[in-house]
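Tertiary structure, described
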Amino acid sequence: WLTDKKSPTTARVIVNRIWQAYFGQGIVDTPEDLGTRANAPVYGDLLDWLAVELMEHDWSLKHVNRLILESATYQQSSKSTPELISRDPYNTLLARGPRFRVDAEIVRDIALQASGLLNPTLGGPPVHPPAPDFLFQPPVSYGPKVWDTSTDENRYRRAIYTFRYRSLPYPMLDAFDAPKGDASCIRRSRSNTPLQALTTLNEPMYMEAARALAFRTLEAGGGDTHQQISYAFRRCVARTPSKSELDQLTTFLNHQEQRFEAREINPWEMLGTNPGFQNHLPAGASPEKAAAWTALSRVLLNLDETITKE
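Now for a quick tour of the structure. (Residues numbered from 1 in each chain as written. Predicted model: local features only at pLDDT ≥ 70, side-chain atom pairs only at ≥ 80, totals over all residues. Heavy atoms only, no water.)

Structural notes on the environment of A283
Counted only if it meets this: Runs of E in the DSSP output that reach at least two residues are strands. Runs of H or I that reach at least four are helices, and both are numbered from the N terminus. Residue burial is assigned from relative accessible area. The probe radius is 1.4 Å, only protein chains are included, and a residue is buried under 20% of its type maximum, exposed over 50%, and partly exposed in between.
Mapped onto the secondary structure, A283 falls in the loop between α12 (267–271) and α13 (287–301). On the accessibility criterion, A283 (82% relative accessible area) is exposed. A C-alpha to C-alpha distance of 8.4 Å links A283 and L218, two positions 65 residues apart in sequence.

Re empty space enclosed by the protein
As a reminder, the rule being used: Method remark: on a 1 Å grid restricted to protein atoms, a set of points is classed as a cavity if a 1.4 Å probe fits but cannot get out and as a pocket if it is open with protein on both sides within 12 Å along at least five of seven lines; lining residues have an atom within 4 Å of a point. Grid points are joined across faces, edges and corners, and a volume is the space filled by probe spheres set on the points. Polar here means any residue other than Ala, Val, Leu, Ile, Met, Phe, Trp, Tyr, Cys and Pro, which are nonpolar, and Asp, Glu, Lys and Arg, which are charged; Gly is therefore polar.
The final tally for this structure, using the stated rule, is one cavity of 30 Å³ or more. In this structure, the largest cavity encloses a volume near 50 Å³. Lining the largest cavity we find A131, L135, F136, W147, F163, R164, Y165, L168, P169, Y170 and P171. For the lining of the largest cavity, the per-class residue count stands at ten nonpolar, no polar and one charged.

Some thoughts on helix α8 (residues 194–202)
As a reminder, the rule being used: What the arc measures is the spread of directions leading from the helix axis to the C-beta atoms. We call two residues contacting when some pair of their heavy atoms lies within 4.5 Å.
Residues of α8 that are buried: Q196, T199 and T200. On an axial view of α8, the arc spanned by its buried residues comes to 85°, and they lie on one face. With respect to the buried face of α8, the exposed residues turned more than 90 degrees away are P194, L195 and L198. Contacts from the buried residues of α8 go to β1 (100–101), α6 (104–115), α7 (171–175) and α9 (204–220).

Structural notes on the packing of α6 against α9
As a reminder of what qualifies: To obtain each axis, a line is fitted to C-alpha atoms, and for helices this fit is confined to the stretch in contact; angles are then taken between N-to-C directions over 0 to 180 degrees. With respect to orientation, any angle under 35 degrees is reported as roughly parallel, any angle over 145 as roughly antiparallel, any angle of 65 to 115 as roughly perpendicular, and every other angle as oblique. Each crossing gets its handedness from the near helix: less than a right angle anticlockwise from the far helix is left-handed, clockwise is right-handed.
Interhelical geometry of α6 versus α9 gives an angle of 25° and a closest axis separation of 8 Å. Taken together, the axes of α6 and α9 are roughly parallel relative to one another. Like other packed secondary-structure pairs, α6 and α9 cross with a definite hand, here left-handed. Across the interface between the two elements, V107, R108, A111, L112, A114 and S115 of α6 pack against M205, Y206, A209, A212, L213 and R216 of α9. Partitioned by chemical class, the residues of the contact of α6 with α9 number nine nonpolar, one polar and two charged.

Focus: the packing of aromatic side chains
Filter applied, for reference: Classification of ring pairs uses Phe, Tyr and Trp, with its six-membered ring standing for Trp, and accepts pairs whose centres are within 6.5 Å; under 30 degrees between planes counts as stacked, over 60 as edge-to-face, and the remaining range as tilted. Consider the ring centre and the ring normal. A charge sits over the ring if Lys NZ or Arg CZ is within 6 Å of that centre and within 35 degrees of that normal.
Enumeration over the complete set of coordinates arrives at nine aromatic pairs. Residues W19 and F23 carry aromatic rings whose centres are separated by 4.3 Å and whose planes lie at 10° to one another, so their mutual orientation is stacked. Here the residue W19 and the residue F23 both occupy positions in helix α1 (residues 9–23), the gap between them amounting to four residues, near one helical turn. Three or more aromatic residues joined by ring pairs make a cluster, and in this case those are F136, W147, F163, Y165 and Y170. Seen from the ring of Y165, K145 lies directly overhead, with NZ or CZ sitting 5.5 Å from the centre. A cation over a ring is seen here: R157 above Y161, with NZ or CZ 4.0 Å from the ring centre.

Points about the pattern of salt bridges
Where we set the bar: Salt-bridge detection follows one rule: a side-chain nitrogen of Lys or Arg within 4 Å of a carboxyl oxygen of Asp or Glu.
Going through the model one piece at a time under the given rule, you end up with 13 salt bridges. Here E305 ties to R239 by a salt bridge, and the two come within 2.7 Å at their closest N and O atoms. On the criterion of sequence distance, the pair formed by E305 in the loop between α13 and β2 (308–309) and R239 in the loop between α10 (225–237) and α11 (243–261) is long-range, its members being 66 residues apart. With a relative accessible area of 25%, E305 lands in the partly exposed category. On the basis of relative accessibility, which here comes to 28%, the residue R239 falls in the partly exposed class. In this structure, K243 engages D247 in a salt bridge whose closest nitrogen and oxygen atoms are separated by 3.0 Å. One end of the pair, K243, and the other, D247, are both in helix α11, four residues apart, so they sit about a helical turn from each other. Given a relative accessible area of 32%, D247 falls into the partly exposed group.

What follows is the structure in structure tokens.
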């Protein structure tokens, strides 16, 4: 009965959650409740049509995903006007494309992908990326817990493979509203807090990503500063910077390099290691230059546009 065509509830629930994954909000805005007390959808016919498409195509999720991705509704621009936002703040009328911050796991995956560190291996056991030692000791934890930080390529696997204790969420994922592991989650909340910015600016994995992006840019970004900045910018936000953005980033880069050269800041504090790492710097790059590019990469990885789906 659950999958009988005369009982479309299951199909409606499934396609509504798929729609929610792409648009940030389902056609029915309460994915946990499609009953008579839920708000009536603006586009109920669309929900029914997608449900029928799912059933008539042998319950193929790939078919429904392709329908949504190839639709004019999904592919339209997410740009809006003050008038449209005041009239339809939640985009219920679908007059613009979706724009929302990506889920917690994807936030970190974007940084790893942009920097070239991401390990794309599929499947296998969970991994242990860096985490503060005090988290696994009382009183923060119920008792001492083992956390053997991965030191090989597994360190950079997708965030979905991160080991998580039921009573001790992984800090980075928790900061970006990843659900706890002790209950199912139908709809995630999305907050914007200072803690999120502190995480992406200072968390060890993000600093490693910033350094990797800086080194990659210096090695493969082009022959001059503007080409290199454009290269790093595109890796983060998938577009070329405007002239104004390019000028601001160039000014920032030059200012940071001057600060490191004047020893206002020790460049090795930004590079996160000791001077013995000198042999691993990009060819022709001084510690001051590498640190300045790391600071710039840190900015690019923390742009709102970098972690926003639009």
